[in-house]
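# Observations on the three-dimensional arrangement
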Amino acid sequence: MNILLGVTGCIGAYKAAELLRQLQQRGAVVRVVMTQSACQFVGPVTFEALSGHSVMTGLFEPGANTTIKHIEAARWANLLLVAPATANIIAKFARGLADDMLSTIYLSATCPVMIAPAMNVEMWRHPATQENVAILQARGVEIIEPESGFLACGAVGEGRLAEPEVIAARAIAFLQRASAGADLSGHHVLVTAGPTCEDLDPIRFLTNRSSGKMGYALAEAALARGADVTLISGPTRLTPPPMARFIPVWSAQQMCDAVTRHLNEATIVIKAAAVADFRPRHPQASKIKKSDQSVTLDLEPTPDILTEVGRRKTHQIVVGFAAETDKPVEHGRDKLQRKNLDMIVVNDVTAPGAGFDVDTNRVTIIDRYDHVIALPLLSKREVADRIFDHLIEVFLSTQVDE
Ligand code: PMT
């Protein structure tokens, strides 16, 4: 496994030395290319000593032009991994600029590309950066989302480089998947994500704390593995993956209608959405006026979309989620059977780092053959990949005796 590690100029550059080590420990041969700004933070000698190879730092440095270095490096690599990736290099990659060694290698590379962004929270959230990231994702570049926490600039928020062990594990898994080929190619994955909103009147509605992160991670993972994806989502603050067919919905009824409309073309259905179980029986056409009297809400059940999908499924593999607060495996098993599912992903939403509106999740996968796989705390993207790994292993590649 040849990994070309691109290091760009930010404070997280020092972590790239540990990352290099982690990659080597997992069996990779690593060469390093640094931008001029990265050299301001860490010396190339560190990476030369660790990698055992000379470090590429510039297009025109003496001795670097006896061969066409950027082409040679691009051909050598099985994976181009940029960590940390600054807003600047992400913008260059997205727009096709090639004015230094790393951006020139990116344009010449035909291997898979993975980037681990690191920057100030406002730079990360800026629409320009988000748009550039979305462009790269649409091209199949794998993004290792930055973590939240204290940043070098003193701000608190997302933007911190993911930990070297996390990046190394993701890089190796990504490389293995990429070399195994697009294992969901030919499949159509229908994912539901986010909350639903149930109107009380034109101003007020009932909803829940789902951010959509789990469902969007599933959509991104499915796309990266070669599937066609339909993403049906309640309102979230996330940018849908550009390659997905995106169907925004508001209420449980709208989600139900959209899922029903697109069920036939799907080969895999994954219901990560947190659908409201109840809705106001009589939503008002005009604003409910304030009064001194207490108000009683009359609620009626919404359609159970997953039960309906389980009832109507023909060729589809159907995966439900279960948000539980106690006895997760027991309740998960029960939902799997009652809703006629092939798999259920149970999250204990009271566990730290799991469930609603966080970047990580801790889940247990249960399938209809009663395999029970408890995963550790992982990023939602990693959880998504582990769900697909299990689904492929059990339902798409092997015969299992029932
Ligand atoms: O969006 P995030 O902030 O990333 O949070 C992720 C998550 C916690 C929302 C997600 O991991 C999750 O657990 N989603 C399912 C939440 C839920 O509604 O669980 P439930 O146990 O109430 O429902 C079980 C299953 O039935 C779910 O697949 C749900 O989509 C489905 N359902 C529920 C009610 C209903 N009326 N129709 C349904 O289809």
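Just so it is clear, the model here is predicted, and its values are computed rather than measured. (Residues numbered from 1 in each chain as written. Predicted model: local features only at pLDDT ≥ 70, side-chain atom pairs only at ≥ 80, totals over all residues. Heavy atoms only, no water.)

### Quick word on the side chain of Gln 316
Within the element layout of this structure, Gln 316 appears in the loop between α12 (305–312) and β16 (317–324). Of the polar contacts made by the side chain of Gln 316, one reaches the backbone nitrogen of Thr 314; its length is 2.8 Å. Sequence-distant contacts of Gln 316, that is, excluding residues within four places in its chain, are made with Leu 263, Asn 264, Ala 266, Thr 267, Val 269 and Asp 342. (Helix = DSSP H or I, 4+ residues; strand = E, 2+ residues; numbered from the N terminus. Polar contact = N/O pair within 3.5 Å; in protein donor to acceptor, adjacent residues only side chain to side chain. Contact = heavy atoms within 4.5 Å.)

### Considering the site of the ligand
Of all residues adjacent to the ligand, which total 29 residues, the nearest are Ser 210, Ser 211, Lys 335, Asn 347 and Asp 357. Contacts to the ligand include Lys 213, whose backbone N or O atom sits 3.3 Å from an oxygen atom. A distance of 2.7 Å separates an oxygen atom of the ligand from a polar backbone atom of Lys 271. Computed on the free molecule, the ligand has an accessible area of 780 Å², of which 95% lies beneath the protein chains in the complex. Its atoms largely coinciding with the cavity grid, the ligand occupies the second largest pocket. Among the elements of the structure, α10 (213–224), α12 and β16 are those that each provide at least two residues to the shell around the ligand. Sort the elements by how many residues they give to the shell around the ligand and β16 lands first, with four residues. Of the residues that constitute the shell around the ligand, the class distribution is 13 nonpolar, eight polar and eight charged. (Near = heavy atom within 4 Å. Areas by Shrake-Rupley, 256 points an atom, 1.4 Å probe, with all protein chains shown as cover. 1 Å grid on protein atoms, 1.4 Å probe; cavity = no way out; pocket = protein on both sides within 12 Å on 5 of 7 lines; lining within 4 Å. Sits in = over half its atoms within 2 Å of the grid points. Nonpolar A, V, L, I, M, F, W, Y, C, P; charged D, E, K, R; others polar.)

### So, the packing of helix α5 (residues 87–95) against helix α8 (residues 127–138)
At a minimum axis separation of 9 Å, α5 and α8 run at an interaxial angle of 50 degrees. Of the possible angle classes, the one that applies to α5 and α8 is oblique. As for the relative orientation of α5 and α8, their crossing is left-handed in sense. Judged by residue contacts, Ala 87, Ile 90, Ala 91, Phe 93, Ala 94 and Arg 95 of α5 engage Thr 129, Glu 131, Asn 132, Val 133, Ile 135 and Leu 136 from α8. (Axes fitted to C-alpha atoms, helices over the stretch in contact; angles between N-to-C directions. Parallel < 35°, antiparallel > 145°, perpendicular 65-115°, else oblique. Left-handed = near helix turned anticlockwise from the far one by under 90°.)

### Considerations on the pairing of strand β8 (residues 188–193)
Put simply, side chains in a regular strand alternate between the two faces of the sheet. Among the six residues of β8, six are classified as buried, and the element is accordingly described as predominantly covered. Both β8 and strand β11 (residues 228–233) contribute to a ladder of six bridges, which runs parallel. Among the inter-strand pairings, His 188 is bridged to a residue of β11, identified as Asp 228. One ladder, built from four bridges, connects β8 with strand β13 (residues 268–271); its direction is parallel. Paired with Val 189 across the bridge in β13 is Ile 268. (Buried < 20%, exposed > 50% of the residue type's maximum accessible area, 1.4 Å probe, protein only. Pairing = 2+ DSSP bridges.)

### A few points about α10
An ideal rise of 1.5 Å per residue puts 16 Å on twelve residues; α10 measures up with 16 Å between its terminal C-alpha atoms. The buried fraction of α10 amounts to ten of the twelve residues, a majority that puts the element mostly inside the structure. Within α10, burial applies to Met 214, Gly 215, Tyr 216, Ala 217, Leu 218, Ala 219, Glu 220, Ala 221, Ala 222 and Leu 223. Downstream of α10 by a residue or two, Gly 226 has a phi angle that is positive, lying close to 95 degrees. (Expected span 1.5 Å × (residues − 1).)

### Let's talk about the sheet that holds β13
Across the sheet, eight strands lie side by side as β12-β11-β8-β13-β16-β17-β19-β20; this open sheet has mixed pairing. With one partner strand each, in any of the chains shown, β12 (245–248) and β20 (372–374) form the two edges of the open sheet. Neighbouring strand axes in the sheet, compared pairwise and without regard to direction, differ in orientation by 15 degrees on average. Across the face of the sheet, helix α11 (residues 252–262) comes into contact with β8, β11, β12 and β13 while running at roughly 175 degrees to β8.

### Structural notes on the layout of surface pockets
Reported here for the second largest pocket is a volume of approximately 810 Å³. A per-class count over the lining of the second largest pocket returns 18 nonpolar, 13 polar and eight charged. (Points joined across faces, edges and corners; volume = space filled by probe spheres on them.)

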